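One letter stands for each residue in the lines below.
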Amino acid sequence: MEAEHQTSLVGRIGWLIGSCLLAFVLYAASVGPLIYVLPRSAREGHFPILTMFYKPLVWVADHTPMGPVLEAYVTWWRELKGG
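First, a word on what this report is: a plain description of the structure on this page. Residue indices begin from 1 for each chain and proceed along its sequence in written order. Given that the model is predicted, a residue must reach a pLDDT of at least 70 before its local features are reported, and side-chain atom pairs must reach 80 or more before they are shown or counted; all residues, however, enter totals for whole chains, interfaces and linings. Working from all heavy atoms in the structure, the side-chain values ignore hydrogens and water.

**Comments concerning the packing of aromatic side chains**
Thinking step 1. The rule is short: rings of Phe, Tyr and Trp, with Trp giving its six-membered ring, pair when the centres are within 6.5 Å, and they are stacked under 30 degrees, edge-to-face over 60, tilted in between. This structure, assessed with the given rule, holds seven aromatic pairs.
Thinking step 2. Between F24 and Y27 the ring centres are 6.3 Å apart and the planes differ by 50°, which places this aromatic pair in the tilted class. Here Y27 and F24 lie together in helix 1 (residues 2–29), a separation of three residues that amounts to about one turn.
Thinking step 3. Overall, the relative accessible area of 40% leaves F24 in the partly exposed class.
Thinking step 4. For the exposure calls, accessible area comes from a 1.4 Å probe over protein chains only, and a residue counts as buried if that area is under 20% of its type's maximum, exposed if over 50%, partly exposed in between. Among the residues examined, Y27 registers a relative accessible area of 17% and is labelled buried.
Thinking step 5. Centroid distance W76 to W77: 5.2 Å. Interplanar angle 85°. Geometry classified as edge-to-face.
Thinking step 6. Given the relative accessible area of 48%, W76 is considered partly exposed.
Thinking step 7. Overall, the relative accessible area of 15% leaves W77 in the buried class. Note on conventions: DSSP H or I runs of at least 4 residues are helices, E runs of at least 2 residues are strands, and numbering of each starts at the N terminus.

**Focus on the nonpolar core**
Thinking step 1. Among buried residues, the Ala, Val, Leu, Ile, Met, Phe, Trp, Tyr and Cys ones that are joined through side-chain atoms within 4.5 Å form a nonpolar core. Counting eleven residues, the largest nonpolar core consists of Y27, A28, V31, I35, Y54, L57, V60, A61, L70, V74 and W77.
Thinking step 2. Secondary-structure elements contributing two or more residues to this core are helix 1, helix 2 (31–37), helix 4 (48–63) and helix 5 (67–81).
Thinking step 3. Contact between two residues is taken to exist if any of their heavy atoms lie within 4.5 Å; hydrogens are not considered. Excluding residues that lie within four positions of it along the chain, V31 makes contacts with Y54, L57, Y73 and V74.

**Re helix 4**
Thinking step 1. Under the convention used throughout, the expected extent of a helix is 1.5 Å for every residue step, that is, one less than its residue count. Over its 16 residues, helix 4 runs 22 Å from end to end, which matches the ideal 22 Å to within 8%, given 1.5 Å per residue.
Thinking step 2. Maximum bend of helix 4: about 45°, positioned at K55, with proline P56 one to four residues after it.
Thinking step 3. For helix 4, the complete set of buried residues consists of Y54, L57, V60 and A61. What the bend at a residue measures is the angle between two axes, fitted to the seven residues ending there and to the seven starting there.

Here it is in structure tokens:
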């Protein structure tokens, strides 16, 4: 009985960690389509709610090794849009 409880707990923790990682990946990936859909004026800070929503992603880009990857991803979407 104890072993079943431990296995169940480990499975739940793994599921929770996996879900958090998936949520972050989807959050980071959402910036690309947003760049594609929004007009340039919206991307230049005219919607403070979007600036606030993506502020943690800017921090990750500025302070972690993921910065160049995120910059390349954003640049790709900007070029896809045409500027």
